[in-house]
Each structure stands twice: as C-alpha cells, then as structure tokens.
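# Notes for the structure review
One letter stands for each residue in the lines below.
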Amino acid sequence: MMSLTFDLLLGVALLWSAWHTLATADLIRAVVSFIVFGLLMVLAWARLDAPDIALAEAAIGAGLTGALLLDSVGHLRARRRPGDNG
Amino acid sequence: MSSGLVYAVVGVLLFVLGAAGMLLLPHLLRKILAFNLLGSGAFLILVGLAQRDGGVDPVPHAMVLTGIVVAVAATALALALLRRLHALSGRTQLADESADE
Amino acid sequence: MNRALRAAVVLGAGLLAALLVAAILALPVPAVRLPALVAAHLPASGVTHPVTAVLLNFRGYDTLLEVAVLALALVGLLAQSPPRELTHAPSPGEPVLPLLARVLVPFLILSAGYLLWAGAHRPGGAFQAGAVLAAAAVVLHLARLWPAWDRPGRGLRLGLVGGLLLFLAVAAALLAGGTLLRYPPQLAGTLILLIEIGLTVSLGLLLAGLFLFLAEPRSL
C-alpha cells in the first residue's frame, strides 16, 4: 500500500514537471524543469527494478541532455537580437 | 494495480503530453523538450507494461538503455540544427509558424 | 496556428490518452514469457547479468546499430556546425580546474573500468562506463589538458569509430555461422568483453564529442 502511494505520488510529480517543462514561460526554467523530470525518471527506474536504466538515465538522460540544453539556451540568449522575445 | 501498470499509465500521459507539445508549441527548443518527454513516456510504457504483473523483464530494459543513448544523439543533432537556423536567420521557429504568432 | 486548430489538437490528445489507457488496461497477458526465455539461455550467453546478455548477445544487433546512429549523429552535427576558429590558445590563470582534473580524471577512469567489468554479472556495462568516460573527457578539455579536441587528429578519430569498427569486425567474422552476431558459447564471454571495451572508449568519446562540438568555443 505504501509503495503504491509512492508510485502514484512519483507519477504525479513526473507529470507535473513535464507540464512545467512545456508550460513555463522562461526557457531556462523549462530546461531546469526538464532536468528535474530526468532525475524523477531515475527514481521511477529504480522503482521498476531497472538499476541499469537508472544509471544511464542519471548520466545521459538528465546529465548530458541537460548540459546540452542549458548550453543551447545560453547560446540562443547570447546571440538573440533585440526585439525578439522567443 | 501494480506499480508497473501505474508507470505505464503515467507513460501514456507523458507520451500524449509530449505529442501535443510538439504540435502546439512554436519555439523549436520547446519542440525538442516535448520530443524528449514523448520518448520518456514511450520508455515507461515499454518497461512498465512488461512488468505489470510483477517480476523483472530484462529485454525492455536493454531496449530502453539503447533508446536513451539514441535519444541523446537525436537531441544533440536537433540542437545543432536549431543553432544553425538561429545563426543564419535569427529565428527560433519554423517559417510558417512564426507568421501567425 | 489558429484557436480552433489548437482546441482540436488538445481534444484529440485527450481522446488519444483515454483510448491508450483503456487499451493498456485491457491488454491480455502475452503468451511468450521473455524473462523465462532469457533465463533459459543465460548460461550460453557468456555473461551472468541478464540485461548485458540481451544487449550484447541476444539482441546485439540493436547495440551495433545504436553505435552507428551515435556516430552518424556526430557526423551530422559536425557537418552543419559553422567552421570554428582554431586559434584558441590555452588560457593561463585558472589553476584550480587543471588541478581538479588531474585528481578527478584518474578516479573517473577507474570507475569506468569498474562499471565495464561489473557489467558481466551485475548492473553496469559499456553504456554507463562510456558516460563516465565522457565526463572525464569533458573535464580534461575544460582544463585544457587535452588539446586534441580543438584539432582532432588520427588517434581521436580512430577512437570515435573504433568501437563500431571492432563490433563490425566481430560481426563479420561470425557471419560464416549463418546468423548475425551468434557467438560460439565458449568464446561468448571473451568476445563480449572485447566488444564492450571498444564500445566504452567509443561511446565515451562520442558522447563527449556531442557535447564539445556543439558547445561554442567561448563556453569551453
């Protein structure tokens, strides 16, 4: 019963962070939400008895993808022309 | 309801959220984020559904492991294309979508 | 996109979600039990960790194609990134990072080696070890201790595709048996370890390359 409650809470947290990734206005916040989502996915893989995937998700899914996205947001910001509010 | 089934249902919702995001959001970086959410949803369905009656299934584990690496490769390529588009034209949206925003 | 079309997409997404959830809940239990099949063939696979057995033996072609996809993504990324100026002299006056790198990188390489070795019998393997190696490569580059990334030479290029070439060579050598990547059981453990070593090095360099070639010189 306890573990099912945890699963449901984690599911809600996953969906909430995913929604935040798409809905928040600021791109940096969106990417940070996505990294949080990736870390929550690590927990989900651990709950599904998949330590291999949890390791890969932590290093590649959350870490490398997050670094790529953050670097790209910084790049787009730095070269943005005045008047563009994308 | 087993925890495998819970995560499979969460995966479905993530998949649909990502698919809708890819269609509705004009900014290309958001489309890339939505694409990654969609992929994570598919991975959760794959593993969760295989384990809905308890027990561990190593076959979807291996497939998802492969999928995570392919997803990061696709993301890096997509980001490079987005940067190129931005460097050449200053846009971060596709041409036909920036018209009606 | 106009308002009506947006509403239609949202409605369609809701409908799709409802249908998919209903389909998942109604799905019958499959007739083939894959975990039992894997367990039955595990002794012949050359490793004792089922996930590694699936990755490199039973479905080895997935992994082969995956490395090819990764290499292709890097080629695509290089093909359309703007030419970089190669005048990026080592920046002095940053003593902490090189020191940290000198301490950290040996440990990172050690843990990559452990993960690689552990993959045969417990969670771990070439993917996770490759990710750790990639982190080590990025740290080395940031500390300017590995200038090869600025002007990739033959060694680095060979490292990037070496894993794929080794995997292909093993696959080609075994093709005489009639099936793709069916290892002879007595050699399976050795061949898998050999392929995994190559894959770890290549995956590490490829993942690091995806990051380093994408990031601009100013942020490095």
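Refer to the structure above for everything that follows.
Everything in this summary refers to the structure shown in the same document. (Residues numbered from 1 in each chain as written. Chains lettered and ligands numbered in written order. Predicted model: local features only at pLDDT ≥ 70, side-chain atom pairs only at ≥ 80, totals over all residues. Heavy atoms only, no water.)

## A short note on the interface of chain C and chain A
One frequent convention defines the size of an interface as the accessible area lost when the parts assemble. Condition: Note on contacts: a residue pair is in contact if any heavy atoms of the two residues lie within 4.5 Å. Secondary structure elements are defined from DSSP: runs of H or I of at least 4 residues count as helices, runs of E of at least 2 residues count as strands, and each element is numbered from the N terminus. Note that Gly is not counted as nonpolar here; it falls among the polar residues with everything else outside the nonpolar set of Ala, Val, Leu, Ile, Met, Phe, Trp, Tyr, Cys and Pro and the charged set of Asp, Glu, Lys and Arg.
Across the contact, 16 residues belong to chain C and 14 residues belong to chain A. Of all elements in the fold, only α6 (126-142) and α8 (185-214) of chain C reach the threshold of two or more residues within the side of chain C that touches chain A. Broken down by element, the residue count for the side of chain C that touches chain A peaks at four residues, all from α8 of chain C. Looking at the side of chain C that touches chain A residue by residue, the class counts come to ten nonpolar, four polar and two charged.

## Describing the side chain of Ser17 of chain A
Following the sequence through the fold, Ser17 of chain A ends up in helix α1 (residues 2-23). In contact with Ser17 of chain A, other than residues within four places in its own chain, are Ser33, Val36, Phe37 and Leu40 of chain A.

## Re empty space enclosed by the protein
Quick reminder of the rule: Cavities and pockets were defined on a 1 Å grid built over protein atoms only: a cavity is a set of grid points that admits a 1.4 Å probe from which the probe cannot escape, a pocket is an open set flanked by protein on both sides within 12 Å along at least five of seven lines, and lining residues are those with an atom within 4 Å of any such point. Grid points are joined across faces, edges and corners, and a volume is the space filled by probe spheres set on the points.
A complete count under the given rule lists three cavities of 30 Å³ or more for this structure. Empty space within the largest cavity amounts to approximately 140 Å³. The wall of the largest cavity is formed by 15 residues, among which Glu57 and Gly61 of chain A together with Asn36, Ser40 and Ala71 of chain B lie closest to the centre. Listed by contribution, the elements that provide at least two residues to the lining of the largest cavity are α2 (27-47) and α3 (51-78) of chain A together with α2 (28-50) and α3 (58-89) of chain B. Among the elements that line the lining of the largest cavity, the one with the most residues is α3 of chain A, at five residues. Here the lining of the largest cavity is composed, by residue class, of eight nonpolar, six polar and one charged.

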